Amino acid sequence: MRKGLRSNSRSSVDEENPYWVSFSDLMSALLVIFILAAVALIIELTEKTNNVEKGIDELKRAEQARKDVIYDIRDELAKKNVIVEIADNDTVIRIPERTLTFASGKDAIPKDPEIQEAVKDIGAVLHSAIRKNERFKYLDTVFVEGHTDSDGIHYRGKGNWGLSVDRAISVWNIWQSEVELTPKLGDLENAFGQKLFSVSGYAETRRVNVIEITKQDKSKNRRIDIRFTVKKPSISDLERIVNQ
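Quick look at the structure, then.

Cut-offs applied
- Residues numbered from 1 in each chain as written.
- Predicted model: local features only at pLDDT ≥ 70, side-chain atom pairs only at ≥ 80, totals over all residues.
- Heavy atoms only, no water.
- Helix = DSSP H or I, 4+ residues; strand = E, 2+ residues; numbered from the N terminus.
- Buried < 20%, exposed > 50% of the residue type's maximum accessible area, 1.4 Å probe, protein only.
- Pairing = 2+ DSSP bridges.
- Lys, Arg positive; Asp, Glu negative; His and termini not counted.
- Salt bridge = Lys/Arg side-chain N within 4 Å of Asp/Glu carboxyl O.
- Contact = heavy atoms within 4.5 Å.
- Expected span 1.5 Å × (residues − 1).
- Polar contact = N/O pair within 3.5 Å; in protein donor to acceptor, adjacent residues only side chain to side chain.
- Axes fitted to C-alpha atoms, helices over the stretch in contact; angles between N-to-C directions.
- Phe/Tyr/Trp six-rings, centres within 6.5 Å; stacked < 30°, edge-to-face > 60°.

In this fold, Asp 121 is placed in helix α3 (residues 113-131). Distance in space between the C-alpha atoms of Asp 121 and Glu 76 is 9.6 Å, their sequence separation being 45 residues.

The next point concerns the pairing of strand β2 (residues 92-95). Going residue by residue along β2, you find Val 92 and Arg 94 tucked away on one face and Ile 93 and Ile 95 tucked away on the opposite face as well. Where strand β1 (residues 85-87) lies against β2, three bridges are found, and the strand directions are antiparallel. Following the sheet pairing, Ala 87 is matched in β2 by Val 92. Linking two consecutive strands that pair antiparallel, namely β1 and β2, is a turn of four residues; a positive phi of about 50° is found at Asp 88 within it. As defined by bridge partners, β2 adjoins strand β5 (residues 224-230) across four bridges and the pair is classed as antiparallel. Across the sheet, the residue bridging to Val 92 is Arg 227, located in β5.

With that out of the way, let us pick up the side chain of Asp 121. Of the side chains with opposite charge, Lys 80 comes closest to the buried, unpaired Asp 121, at an N-O distance of 4.8 Å. The residues contacting Asp 121, other than those within four sequence positions of it, are Leu 77, Lys 80 and Val 82.

Further remarks concern the pattern of salt bridges. Side chains bearing opposite charge may pair, as long as their charged atoms lie close to each other. Under the defined criterion, the tally for this structure stands at 15 salt bridges. What emerges from the salt-bridge pattern is a single network uniting Asp 72, Lys 132 and Arg 135.

Two residues of an α-helix separated by three or four positions point the same way, owing to the 3.6 residues in each turn. Between its terminal C-alpha atoms α3 stretches 27 Å, which fits the 27 Å expected from 19 residues at 1.5 Å a residue. Among all positions in α3, only Ile 115, Gln 116, Ala 118, Val 119, Asp 121, Ile 122, Gly 123, Val 125, Leu 126, His 127, Ala 129 and Ile 130 are buried. The backbone nitrogen of Glu 114 lies 2.8 Å from a side-chain oxygen of the residue at the head of α3, namely Asp 112. After α3 finishes, the residue Asn 133 shows a positive phi value of roughly 55°.

Within the fold, Ser 177 resides in helix α4 (residues 159-177). At a separation of 2.6 Å, a polar atom in the side chain of Ser 177 contacts the main-chain carbonyl oxygen of Asn 173.

Moving on to the sheet that holds β5. Read across the sheet, five strands follow the order β1-β2-β5-β3-β4 without closing on themselves; strand pairing throughout is mixed. Two strands bound the open sheet, and with one partner strand each, they are β1 and β4 (197-201). With direction set aside, neighbouring strand axes in the sheet form an average angle of 25°. α3 rests against β2, β3 (139-146), β4 and β5 of the sheet, and its axis sits at about 10° to β5. Contacts between α4 and the sheet are confined to β3, β4 and β5, with β4 contributing the most and set at about 150° to the helix.

Tallying each qualifying case throughout the model produces two aromatic pairs. Taken together, a centroid distance of 6.4 Å and an interplanar angle of 70° make the contact between Trp 172 and Trp 175 edge-to-face. Residue Trp 172 and its partner Trp 175 are both found in helix α4; the two are separated by three residues, about one turn of the helix. Considered together, Trp 172 and Trp 175 belong to a single accessibility category, that of buried residues. An angle of 35° between the planes, with centres 5.3 Å apart, marks the rings of Trp 172 and Phe 197 as tilted. Here the residue Trp 172 occupies a position in helix α4, and Phe 197 occupies one in strand β4, the gap between them amounting to 25 residues. Considered together, Trp 172 and Phe 197 belong to a single accessibility category, that of buried residues. Joined through ring pairs, the aromatic side chains of Trp 172, Trp 175 and Phe 197 make up one cluster.

A few words on the side chain of Asn 160. Mapped onto the secondary structure, Asn 160 falls in helix α4. Judged by relative accessible area, which is 9%, Asn 160 ranks as buried. At 3.2 Å, the side chain of Asn 160 forms a polar contact with the side chain of Glu 204. Excluding its chain neighbours within four sequence positions, the residues that come into contact with Asn 160 are Thr 148, Asp 149, Ser 150, Asp 151, Gly 152, Ile 153, Ala 203 and Glu 204.

The following block contains the structure:
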């Protein structure tokens, strides 16, 4: 009799206090919500990770494309006995003095037929290397850079800055007018639809030989560099990655 009374008493308590049943249902619902939230978070993190990895992979491909362009230029020109150098951590093709050197205070390319032909060959090989496998899509800008030695001069009222720019322009004009290229270098565009090539001058601020003792030291600084910059993520892309 006592056992029966206890059982009836417990049932009566459960019926009168459905709290435990409701609590159990609530916990089950919370567990389901937690699992769904965890799955959603994992999916979101996976997508963000994939976006970051995709951006890094794209930058790696751009760096490799630039390196391929630079080494192809050097190797192809070597077959033509035109010597250029690779500088600044595989980002620059340097035209050394033995291939092209400017007279002090002058922007004109020497009339020597061998030098003139070498400059034309550089333009033609540059054109071919950039267009191969559409590598230009990975580049942002190709700078044709002029440089001078440290001698201060009165060059058309523009000094070494004007002289360095005009040296770059002299090379550029030969490529544009005397080398048969289709399309012209000046018509090539980067991945953003902007002109790929630009001309710049640095005067004596980026000398190969910082200390110029001999005439040869100075002549090495009177040069042309071809600098390749690659397409990089925009500021908004970088901010998005940082936030992630």
